[in-house]
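Inside the fold
Listed here are the chains, written in short residue letters.
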Amino acid sequence: MKRLIKWTLSIILLIFIILTSLGFVEYKKALSEISLKDKIAQIQEKDDYVEIEDISDYVIKATISTEDQRFYSHCGVDFIAYGRIAYVLLTTGQLSGGGSTITQQLAKNLYFGYEPSIIRKFAEFFMVHDIESQYDKDTILEIYLNIINYGDNHIGIYQASEGYFGKEPKDLTFNEATLVVGIPQSPSNYQLSDHAENAYKRQQAVIQTLIDTQTFTEDEIQELMDSN
């Protein structure tokens, strides 16, 4: 039995080493095409790039609450979330929710895309380390909000705000912010042009998350909704 356990652990370690090595090669290949610094600079130079202080606080709070509640405390990878997923998988056999942080999603958008690949997942970890070591949290969040897909060909919060509501991101109300923040989870299924009903249902989930994380009380949310 001990020998079997030893062999099993050895195989797992070998697989981990192989995947890490292949992921590192993928990561270096991505950077050889364009450095992280140059990639970020290209984004920040766009005419519709918006700095974080010019984005509605409702968008920021709803995004963190919905996408990455421990964004400001983790190192780019949320091991608590992965632990929860592993626990649910072991106890129920069900794979629940994603554990990707905002930084991981940023790495995907910048270099790797969303096509499932375990090698790219390992490459993503290396890129996340670079992002977290070279940029502060506010800048990471700012870049993320400027590149994610909000549906209807709106890339970034500026295009989404202008395209859906005809206003600048800093002027989005609570109702508008919670609606638009829900879209990136599945842009083609929540975009307002043809899936508005789904988007409003998704908005309720976003609002519930704000309550669950104690970002706002139910009374505060009701007051904000009524004032829109």
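Residues numbered from 1 in each chain as written. Predicted model: local features only at pLDDT ≥ 70, side-chain atom pairs only at ≥ 80, totals over all residues. Heavy atoms only, no water.

1. A closer look at the overall build of the protein chain
A tally of regular secondary structure across the protein chain gives 12 helices and 0 strands. Starting at the N terminus and ending at the C terminus, the protein chain contains elements arranged as α-α-α-α-α-α-α-α-α-α-α-α. For the protein chain, the C-alpha atoms occupy an extent of roughly 65 × 40 × 35 Å along the three principal directions. A buried classification covers 43% of the 228 residues belonging to the protein chain. (Helix = DSSP H or I, 4+ residues; strand = E, 2+ residues; numbered from the N terminus. Buried < 20%, exposed > 50% of the residue type's maximum accessible area, 1.4 Å probe, protein only.)

2. A short note on the packing of aromatic side chains
For the structure on display, the rule yields 11 aromatic pairs. Ring geometry for Phe174 against Phe216: centres 5.6 Å apart, planes inclined by 85 degrees, an arrangement best described as edge-to-face. Taken as a pair, Phe174 in helix α9 (residues 174-181) and Phe216 in the loop between α11 (196-212) and α12 (218-227) lie far apart in primary sequence, 42 residues in all. Phe216 shares its class with Phe174; the two are buried. Among the aromatic residues, those joined into a ring-pair cluster are Phe16, Phe122 and Phe125. Here Lys39 stacks its cationic end above the ring of Tyr111, 5.6 Å away from the centre of that ring. The ring of Phe71 has Lys137 sitting right over it, with the charged end atom 4.7 Å from the ring centre. (Phe/Tyr/Trp six-rings, centres within 6.5 Å; stacked < 30°, edge-to-face > 60°. Lys NZ or Arg CZ within 6 Å of the ring centre and 35° of its normal.)

3. Points about a nonpolar patch on the surface
A contiguous nonpolar surface patch, about 570 Å² in accessible area, is contributed by Met1, Leu4, Ile5, Leu9 and Ile12. Note that Ile12 resides in helix α1 (residues 2-33). (Patch = residues over 30% accessible without salt bridge, like charges linked within 9 Å, V, L, I, M, F, W, Y side chains within 5 Å. Areas by Shrake-Rupley, 256 points an atom, 1.4 Å probe, with all protein chains shown as cover. Salt bridge = Lys/Arg side-chain N within 4 Å of Asp/Glu carboxyl O.)

4. Some remarks on a negative patch on the surface
A surface patch of like charges, here negative, comprises Glu218, Asp219, Glu220, Glu223 and Asp226. Relative to the helices and strands, Asp219 resides in helix α12. (Lys, Arg positive; Asp, Glu negative; His and termini not counted. Charge placed at Lys NZ, Arg CZ, Asp CG, Glu CD.)

5. Structural notes on the side chain of Ser56
As for its placement among the helices and strands, Ser56 is situated in the loop between α2 (36-44) and α3 (57-67). Overall, Ser56 belongs to the buried group, its relative accessible area being 4%. With near-sequence residues (within four places) excluded, Ser56 lies in contact with Pro169, Lys170 and Leu172. (Contact = heavy atoms within 4.5 Å.)

6. A short note on the packing of helix α8 (residues 157-165) against α9
Running from N to C, α8 and α9 cross one another at 120 degrees; their axes reach a closest spacing of 11 Å. Judged by the inter-axis angle, α8 sits oblique to α9. Here α8 runs over α9; the crossing is right-handed. Contact residues: Ile157, Ala160, Tyr164 and Phe165 in α8; Glu176, Leu179 and Val180 in α9. Its residues placed into classes, the contact of α8 with α9 shows 6 nonpolar, no polar and 1 charged. (Axes fitted to C-alpha atoms, helices over the stretch in contact; angles between N-to-C directions. Parallel < 35°, antiparallel > 145°, perpendicular 65-115°, else oblique. Left-handed = near helix turned anticlockwise from the far one by under 90°. Nonpolar A, V, L, I, M, F, W, Y, C, P; charged D, E, K, R; others polar.)

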